[in-house]
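Coordinates in review
Below, each chain spelled out in residue letters.
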Amino acid sequence: MRRASSWSTPGLTSDEMACLARDVRALGLPVVAGFATHPDWDHVLWHADLGAAPRYGTAACAAVMLEVRSAPGWQSRAAEGLPPEISDEVPMDLFGLLTGLPAATAHIPWDGPAVGLVEHPAHARGHAALVVEDARVLVAGDMLSDLFVPMLDVEGATDPIGDYLASLDLLDAVADDVDTVIPGHGSVGGADEFRTRLDRDRAYVRALRDGGEIDDPRVDSPRPGWEWVADIHAHQARALTDRGR
Ligand SMILES: [Zn+2]
């Protein structure tokens, strides 16, 4: 369903991640830590050239990945979930090897600039956004995209709509501390755009909840390669109807 050409994450294929590692090296910066915002395949990748730095995630995120990696034949099963056009090019050896941070961890355990965690239940188990405090940057994971509609955990959560709205409130609570929002998929935005996206995402989720008309430019995106966002919307609207919201 998801096409690699539509991704804006730093890299999915081995070549892309090796390029990222080269670019970081060229800046004279060491890779000292990684962080996976949530346990979806495109957020738990790693390449040997990035080195052996610890890769953190929330405890719940790391637990999901441990479960994935513990199942017999997990590599082929995980590969089946990849977009077929790149499934041969995504490195799997280091896939999902995460160190879980204990629940209620407030900051990434490192010597670098203070980076706070905002753990929340939307979209996937163990999701967390990061706030780079001095720089006033929010790394949003799969939230607050200008291109994707909110993607609810319609398969896994007991109350996907309630979880999503509560999570938007948690992100809203750090809005005064943030000048820049970086979504996992989509464009970087400023403080005003952050608030616009919070409002737009709330309106979308409430319309899903109420079964109302969806008036959201992302659903019928004119951008080439993004037409399938309408499929995400249709899928979750149907799933929510089937489960009685
Ligand atoms: Zn995701």
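Everything here concerns the structure above.
Presented here is a report on the structure given in the accompanying data block. (Residues numbered from 1 in each chain as written. Predicted model: local features only at pLDDT ≥ 70, side-chain atom pairs only at ≥ 80, totals over all residues. Heavy atoms only, no water.)

A few words now on the pairing of strand E5 (residues 127-132). Counted residue by residue, E5 has 5 buried out of 6 residues, so it is predominantly covered. Bridging between strand E4 (residues 115-120) and E5 involves 6 bridges; their strand directions are antiparallel. Looking at E5, one finds that Leu117 is bridged to Leu130. What sits between E4 and E5 in their antiparallel hairpin is a turn of 6 residues, with His123 showing a positive phi close to 75°. Note: E5 against strand E6 (residues 137-139), 3 bridges, orientation antiparallel. What sits directly across from Val131, in E6, is Leu138. Two successive antiparallel strands, E5 and E6, enclose a turn made up of 4 residues, where Arg136 displays a positive phi of approximately 60°. (Buried < 20%, exposed > 50% of the residue type's maximum accessible area, 1.4 Å probe, protein only. Helix = DSSP H or I, 4+ residues; strand = E, 2+ residues; numbered from the N terminus. Pairing = 2+ DSSP bridges.)

A contiguous patch of negative charge on the surface is contributed by Asp15, Glu16, Asp88 and Glu89. Within the secondary structure, Asp88 is located in the loop between helix H3 (74-80) and strand E3 (99-101). (Patch = residues over 30% accessible without salt bridge, like charges linked within 9 Å, V, L, I, M, F, W, Y side chains within 5 Å. Areas by Shrake-Rupley, 256 points an atom, 1.4 Å probe, with all protein chains shown as cover. Salt bridge = Lys/Arg side-chain N within 4 Å of Asp/Glu carboxyl O. Lys, Arg positive; Asp, Glu negative; His and termini not counted. Charge placed at Lys NZ, Arg CZ, Asp CG, Glu CD.)

With that out of the way, let us pick up unusual backbone geometry. Phi is positive for Ala104, close to 70°, though the residue is something other than glycine. The topology assignment puts Ala104 in the loop between E3 and E4. Backbone geometry at Arg136 places phi at a positive 60°, although glycine is not the residue there. Following the sequence through the fold, Arg136 ends up in the loop between E5 and E6. Looking at Arg136, the relative accessible area reads 28%, which means it is partly exposed.

Note: strand E1 (residues 34-35) against strand E2 (residues 55-58), 2 bridges, orientation parallel. Across the sheet, Phe35 pairs through a bridge with Tyr56, a residue of E2. As paired strands, E2 and E3 are joined by 3 bridges and run parallel to one another. Note that in E3 the partner of Gly57 across the bridge is Gly100.

The next thing to look at is the coordination of the zinc ion. Around the zinc ion, the donor atoms from the protein are His38 (NE2), Asp40 (OD), His123 (NE2) and Asp142 (OD), and they sit 2.0 to 2.1 Å away. Mapping the donors of the zinc ion onto the primary sequence yields the spacing H-x1-D-x82-H-x18-D. Placement of the pair is His38 in the loop between E1 and E2 and His123 in the loop between E4 and E5, with a sequence separation of 85 residues. His123 carries the same exposure label as His38, and that label is buried. (Donors = N, O, S within 2.8 Å, 3.2 Å for Na, K, Ca; no water.)

Turning our attention to the pattern of salt bridges. Within the structure shown, the criterion is met by 11 salt bridges. Notably, a salt bridge pairs Arg202 with Asp172, separated by 2.8 Å at the nearest N-O pair. Here Arg202 is found in helix H5 (residues 191-210), whereas its partner Asp172 is found in helix H4 (residues 160-172), with 30 residues between them in sequence. Of the residues examined, Arg202 reaches a relative accessible area of 10% and is grouped as buried. Notably, a salt bridge pairs Arg195 with Asp176, separated by 2.8 Å at the nearest N-O pair. Here the residue Arg195 occupies a position in helix H5, and Asp176 occupies one in the loop between H4 and strand E7 (180-182), the gap between them amounting to 19 residues. A relative accessible area of 35% means that Arg195 is categorised as partly exposed. The structure contains a network of salt bridges with shared partners spanning Asp146, Glu193, Arg197 and Arg200.

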